[in-house]
Amino acid sequence: MFPELKNDRFLRALQKQPVDTTPVWMMRQAGRYLPEYRASRATAGDFLSLCKNDQFACEVTLQPLKRYDLDAAILFSDILTIPDAMGLGLYFEAGEGPKFKHQIRTKADVDALPITTDTDLDYVMKAVTTIRHGLNGSVPLIGFSGSPWTLATYMIENGSSKDFRHIKAMMYSEPETLHALLDKLAKSVISYLNGQILAGAQALQIFDTWGGILSGPMYQQFSLLYMKQILDSLIRDHQGKKIPVILFTKNGGQWLENMAATGADALGLDWTTDIAEARARVGKNVALQGNIDPCVLYAGKEVIEREVENVLAGFGHGTGHVFNLGHGIHQFVNPDHPKYLIDAVHAQGQKYHSKNYGDLDALNGL
Ligand code: 1CP
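No experiment lies behind these values; they were computed from the predicted model shown.

Engineer: Explain the packing of helix α8 (residues 148-157) against helix α9 (residues 165-173) to me, using residue names and the numbers behind them.
Structural biologist: For the pair α8 and α9, the least separation of the axes is 8 Å and the interaxial angle reads 110°. Our classification of the angle between α8 and α9 gives roughly perpendicular. Read as a crossing pair, α8 and α9 show a hand that is right-handed. Contacts from W149, A152, T153, I156 and E157 of α8 reach α9 at R165, H166, I167, M170 and M171. Partitioning the contact of α8 with α9 into residue classes produces six nonpolar, two polar and two charged.

Engineer: Give a detailed account of the layout of surface pockets, specifying residues and quantitative values.
Structural biologist: What the largest pocket holds in volume is close to 1500 Å³. Lining of the largest pocket is provided by 42 residues; of these, R28, R32, D78, F92 and P98 occupy positions nearest its centre. Sorting the residues of the lining of the largest pocket by element identifies α2 (35-44), α3 (47-52), β2 (90-93), β3 (97-100) and α8 as the ones contributing at least two each. Broken down by element, the residue count for the lining of the largest pocket peaks at three residues, all from β2. A breakdown of the residues in the lining of the largest pocket according to their chemical character gives 21 nonpolar, 13 polar and eight charged. Approximately 590 Å³ is the volume found for the second largest pocket. Every residue lining the second largest pocket is counted, 20 residues in all, and those nearest its centre are L5, L11, R132, Q202 and K241. Elements that contribute at least two residues to the lining of the second largest pocket include exactly α1 (9-14), α10 (175-199) and β7 (241-242).

Engineer: Give me the lowdown on the UniProt feature "site: Transition state stabilizer" (unreviewed entry) in the protein, citing residues and values where you can.
Structural biologist: Within the UniProt annotation, "site: Transition state stabilizer" (unreviewed entry) is assigned to D78. Here D78 is in contact with F47, C51, F144 and Y192, once residues within four sequence places are set aside. At 3.0 Å, the side chain of D78 and the backbone nitrogen of L80 are in polar contact.

Engineer: Mind laying out the UniProt feature "binding site: substrate" (unreviewed entry) in the protein, listing which residues take part and the relevant values?
Structural biologist: UniProt tags R28, Q29, A30, G31, R32, D78, Y154, T209 and H327 as "binding site: substrate" (unreviewed entry). Lining residues of the largest pocket drawn from the annotated list: R28, Q29, A30, G31, R32, D78, Y154, T209 and H327. One can find D78 in the loop between β1 (73-74) and α5 (81-88). Judged by its relative accessible area of 16%, D78 falls in the buried class. Mapped onto the fold, Y154 is located in helix α8. Y154 sits in the buried class, given a relative accessible area of 11%. With residues up to four places along the chain from it excluded, the contact list for Y154 reads I79, L80, P98, F100, G159, S160 and W210.

Engineer: Now, about the site of the ligand: what can you tell me, with residues and values included?
Structural biologist: By nearness alone, 22 residues border the ligand, and Y37, R41, Y154, T209 and H327 come closest of all. Between the ligand and Y37, the relevant distance is 2.5 Å, taken from an oxygen atom to a side-chain nitrogen or oxygen of the residue. The side chain of D78 places a nitrogen or oxygen atom 2.7 Å from a nitrogen atom of the ligand. Contact with the protein chains covers 89% of the free accessible surface of the ligand, which is 890 Å². Applying the majority rule of atoms within 2 Å of the grid points places the ligand in the largest pocket. Residue classes in the shell around the ligand are distributed as 13 nonpolar, five polar and four charged.

Engineer: Outline the pairing of strand β5 (residues 203-208), listing residues and values.
Structural biologist: Of all six residues in β5, six are buried; the element is thus mostly enclosed. Because side chains alternate across β5, one face comprises the buried residues A203, Q205 and F207, and the other comprises L204, I206 and D208, equally buried. Sheet topology note: the β5/strand β8 (residues 245-249) ladder contains five bridges and is parallel. In the sheet register, F207 faces β8, and the bridge partner there is F248.

Engineer: Now, about the sheet that holds β1: what can you tell me, with residues and values included?
Structural biologist: Across the sheet, which stays open at both edges, the seven strands sit in the order β1-β4-β5-β8-β9-β10-β11 with parallel pairing between neighbours. The strands lining the two open edges of the sheet, one partner per strand, are β1 and β11 (321-325). Against the sheet, helix α11 (residues 216-233) makes contact with β5 and β8, and its axis sits at roughly 170° relative to β8, the strand it touches most.

Engineer: Provide a residue-level description of the pattern of salt bridges, including the pertinent values.
Structural biologist: Tallied over the entire structure, the rule returns 17 salt bridges. Between K187 and D183 there is a salt bridge whose closest N-O contact spans 2.6 Å. Within this pair, K187 and its partner D183 are both found in helix α10, separated by four residues, close to a single helical turn. A relative accessible area of 28% means that D183 is categorised as partly exposed. R236 is paired through a salt bridge with D265; the nearest N and O atoms lie 3.0 Å apart. You can see R236 sitting in the loop between α11 and β6 (237-238) and its partner D265 sitting in the loop between α12 (256-260) and β9 (266-268), a full 29 residues away along the chain. Residue R236 shares its accessibility class with D265, and that shared class is buried. What you see here is one network of salt bridges that share partners, running through R9, D20 and D71.

Cut-off values and rules
Residues numbered from 1 in each chain as written. Predicted model: local features only at pLDDT ≥ 70, side-chain atom pairs only at ≥ 80, totals over all residues. Heavy atoms only, no water. Axes fitted to C-alpha atoms, helices over the stretch in contact; angles between N-to-C directions. Helix = DSSP H or I, 4+ residues; strand = E, 2+ residues; numbered from the N terminus. Parallel < 35°, antiparallel > 145°, perpendicular 65-115°, else oblique. Left-handed = near helix turned anticlockwise from the far one by under 90°. Contact = heavy atoms within 4.5 Å. Nonpolar A, V, L, I, M, F, W, Y, C, P; charged D, E, K, R; others polar. 1 Å grid on protein atoms, 1.4 Å probe; cavity = no way out; pocket = protein on both sides within 12 Å on 5 of 7 lines; lining within 4 Å. Points joined across faces, edges and corners; volume = space filled by probe spheres on them. UniProt positions renumbered as here; feature names shortened; annotations may be inferred. Polar contact = N/O pair within 3.5 Å; in protein donor to acceptor, adjacent residues only side chain to side chain. Buried < 20%, exposed > 50% of the residue type's maximum accessible area, 1.4 Å probe, protein only. Near = heavy atom within 4 Å. Areas by Shrake-Rupley, 256 points an atom, 1.4 Å probe, with all protein chains shown as cover. Sits in = over half its atoms within 2 Å of the grid points. Pairing = 2+ DSSP bridges. Salt bridge = Lys/Arg side-chain N within 4 Å of Asp/Glu carboxyl O.

What follows is the structure, given as structure tokens:
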């Protein structure tokens, strides 16, 4: 029903199958650093109108692919669609980031929340299908969701936070209330992501942007446990194709072994983790995605090419690496610069994939 996939480098690398060169995409690749994105947003009216109209969502998803030789597209949407569908009333205030009309602070607030299903987020499923057709088989489409913990931070703090004091206060003084919320979110995320697979997503990423603010034991109980529940309930094979899942906990570098044990196919790394060490620790079990500092894109071509080489060499020879930024691209980046990065990954990446992959894995001690 969908056109045949022409470039499967990204899906192959996630499954540690041989590739000709390292695949690359960028977190937040569709967004404010692109003038054409800002123009589409102005036409649509605002950010949420872009997300809620499948034609607009498709248009902005494809914008970075027109400029750069990317190996994957990511659904244009936001992680906060689930809390919005739970009735919290998401809105964006200029310069302030996301906000809700209703915040979650008490057990009564949590008890009143519904568990959402994919039909509550019909507009997202429709966008996935429209984008998949719009891609016309050029590259695979990534679906995504926030992790339950990360979604809960926004619902309880009512937007972005610097200290996360409300959610942490709840975690220590009323843990059962927070667990009840995380349980509802995990169930909602499962239907949401499975819905995206049925609608046409070919890989998934779970964004645990705020898992890294937790202590080790709290990370296990309040973030990782729920991501594991999600992984256990996702459709992992659809119409004869594997649907790889990437788990990204920002600042989660110390917990890679625990993250790999969830059964994820790949782990996203931020730039604070050494990719060579990460590969030595978990590279046998999972592929790795990352992890150049997004601020490298503020520099010129030569520096970008040098830093790309450092990350490629850090991972070393053989498959199992998807190149990415360590977090989302910044809105002030010059839109000419990502091209230097993406072309450098493809050109310089070839030499890491040229021989017998099994032997090269052995050379790397894997
Ligand atoms: O003004 C605008 O145009 C809105 C800016 C914007 C954009 C472009 C927001 C608001 N969301 C998005 C799109 C978005 N968000 C994508 C699109 C696909 C792509 O990658 O191209 C994705 C995957 C997200 C995911 C997302 N939203 C995350 C997880 C990833 C991450 O960067 O850590 C988070 C934490 C959000 C919340 C959110 N939505 C928007 C903003 C500005 C934020 C962050 C607020 C904060 O800093 O806490």
